[in-house]
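Listed below are the residues making up each chain.
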Amino acid sequence: MKFVGFLLSSLLLFSASLASATTRIAFLELYDRHGRLVQYEPGGRFAHTAIQFDDIGDKWLNAYPGEGVAIVTWEDLQDRGVIAEVIEIPQTVRLSQVKPYMGLPFDFWYSWTDDALYCTELIAKLLNIPTHPMRFNKQVWPKNYWPLEGTPGLSPDGLYKWAQQQIQ
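A quick note: this is a predicted structure, and the numbers were derived from the prediction, not measured.

Asker: For this particular structure, what's the right way to read helix H4 (residues 119-127)?
Answerer: In an α-helix there are 3.6 residues to a turn, and that puts residues three or four apart on one side. Among the nine residues in H4, nine count as buried, and that is most of the element. Within the sequence span of H4, burial applies to Cys119, Thr120, Glu121, Leu122, Ile123, Ala124, Lys125, Leu126 and Leu127. Of the residues one or two after H4, Asn128 is the one with positive phi, at around 55°.

Asker: What's the story with unusual backbone geometry in this structure? I'm lost.
Answerer: Among all residues except glycine, the phi angle is most often negative; among peptide bonds, the trans geometry is most common. If you check the backbone angles, Tyr110 has positive phi at about 50° while not being a glycine. Secondary-structure assignment places Tyr110 in the loop between helix H3 (95-98) and H4. Since its relative accessible area comes to 16%, Tyr110 is described here as buried. At Asn128, a position not held by glycine, the phi torsion is positive, near 55°.

Asker: Sorry if this is basic, but what is going on with the nonpolar core here?
Answerer: Counting 35 residues, the largest nonpolar core has Ile25, Ile51, Leu61 and Leu127 as the members making the most contacts within it. Going through the elements one at a time, strand S1 (23-29), strand S2 (48-53), strand S3 (60-64), strand S5 (82-89), H4 and helix H5 (156-167) are the ones with two or more residues in this core. Per element, the largest residue contribution to this core is five residues, and it comes from H4. Dropping the residues within four chain positions of it, Ile25 is found in contact with Thr49, Ala50, Ile51, Trp60, Glu85, Val86, Ile87, Ile89, Ile123, Leu127, Leu159 and Trp162.

Asker: I keep staring at the pairing of S2 and nothing clicks. Help me out?
Answerer: Each regular strand carries side chains that alternate between the two faces of the sheet. Of all six residues making up S2, six are buried, and the element is well covered by its neighbours. A two-sided burial pattern is seen for S2, the buried positions comprising His48, Ala50 and Gln52 on one face and Thr49, Ile51 and Phe53 on the other. In terms of strand pairing, S1 meets S2 through six bridges, oriented antiparallel. Counted as the bridge partner of Phe27 is Thr49 from S2.

Asker: In this structure, what is going on with a nonpolar patch on the surface? I would like to understand it.
Answerer: Together, Tyr31, Leu37 and Val82 give the surface a local cluster of nonpolar side chains, amounting to about 230 Å² of exposed area. Residue placement: Tyr31 occurs in the loop between S1 and S2.

Asker: What should I look at first to understand the packing of aromatic side chains in this one?
Answerer: Each aromatic ring pair is described using two quantities: the centre-to-centre distance and the angle formed by the ring planes. Applying the stated criterion to the full structure yields 14 aromatic pairs. Plain terms: the ring middles of Tyr110 and Trp141 are 5.4 Å apart, the flat faces sit at 85° to each other, and that makes the pair edge-to-face. With a gap of 31 residues between them, Tyr110 in the loop between H3 and H4 and Trp141 in the loop between strand S6 (132-133) and strand S7 (152-153) connect regions that are remote in the sequence. One aromatic cluster in this structure is built from Tyr40, Phe106, Phe108, Trp109, Tyr110, Trp112, Tyr118, Phe136, Trp141 and Tyr145. Stacked on the ring of Trp112, the Lys or Arg Lys125 has its end atom at 5.4 Å from the ring centre. Taking the ring centre of Trp146 as reference, the NZ or CZ of Lys138 above it sits at 5.0 Å.

Asker: Where do I start with the layout of surface pockets in this structure?
Answerer: Over the atoms, a rolling probe the size of a water molecule traces out where space has been left empty. Estimated volume of the largest pocket: approximately 420 Å³. Taken together, 24 residues line the largest pocket, and the ones lying closest to its centre are Tyr40, Ala47, Tyr110, Trp141 and Pro156. Only S3, H4 and H5 provide two or more residues apiece to the lining of the largest pocket. Grouping the constituent residues of the lining of the largest pocket by class yields 17 nonpolar, three polar and four charged. Counted as a void, the second largest pocket has a volume near 190 Å³. Glu41, Arg135, Ser155, Gly158 and Lys161 are the residues nearest the centre of the second largest pocket, which is lined by 15 residues in total. For the lining of the second largest pocket, the secondary-structure elements that each account for two or more residues are S6 and H5.

Cut-off values and rules
- Residues numbered from 1 in each chain as written.
- Predicted model: local features only at pLDDT ≥ 70, side-chain atom pairs only at ≥ 80, totals over all residues.
- Heavy atoms only, no water.
- Buried < 20%, exposed > 50% of the residue type's maximum accessible area, 1.4 Å probe, protein only.
- Helix = DSSP H or I, 4+ residues; strand = E, 2+ residues; numbered from the N terminus.
- Core = buried A, V, L, I, M, F, W, Y, C linked by side-chain atoms within 4.5 Å.
- Contact = heavy atoms within 4.5 Å.
- Pairing = 2+ DSSP bridges.
- Patch = residues over 30% accessible without salt bridge, like charges linked within 9 Å, V, L, I, M, F, W, Y side chains within 5 Å.
- Areas by Shrake-Rupley, 256 points an atom, 1.4 Å probe, with all protein chains shown as cover.
- Salt bridge = Lys/Arg side-chain N within 4 Å of Asp/Glu carboxyl O.
- Phe/Tyr/Trp six-rings, centres within 6.5 Å; stacked < 30°, edge-to-face > 60°.
- Lys NZ or Arg CZ within 6 Å of the ring centre and 35° of its normal.
- 1 Å grid on protein atoms, 1.4 Å probe; cavity = no way out; pocket = protein on both sides within 12 Å on 5 of 7 lines; lining within 4 Å.
- Points joined across faces, edges and corners; volume = space filled by probe spheres on them.
- Nonpolar A, V, L, I, M, F, W, Y, C, P; charged D, E, K, R; others polar.

This is the structure we're talking about:
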C-alpha cells in the first residue's frame, strides 16, 4: 500500500513538473542601415527566431550563420536583431530532443534536411510543425535563391502564425 502511495505521489509530481514546463519562442526583426524593416518574405516582419525551454535555463537555442545550432545568451540573441516578441507556447522541449542537432552548421540553402539547419527549421523539427511553400522577397534575396520559391520550409513569419494559433 505504501508503494502505491509513493507511486501516485511520484506521478503527481512528474505531471506537475510537465505542466509547469515553459517553452518560449523569440521573434526578431532586422532593420537596414536606413532604419527600414528587412522583409525576407513579401510582407514579412521577422528575420530570425530562437527557442528557450526549461532544460537550458535562461539561455536560447538557435541556428545562426557562422555558428550553426548553438545555445546562446539573451545578450547574444539581442545582437542578432531586435527582439520584437516572445511567445510562450504550451509544447515542451527537452534537451534530449536537441542533442542530435547541436553543432550542426547553418543551412544557407534552406533545405529541409538534417545535415544543416536554419533557425525556424530547427524549431519546427523540435515541435513537429509542418512545412509550407517558401516565399522569397526578390528585393532582398540574391537571384541564386529565387529558384527556392515554393519549396517546403518554414519562415519566421510562418512560425509566428503557428505560435499565435497555439496560444489562442
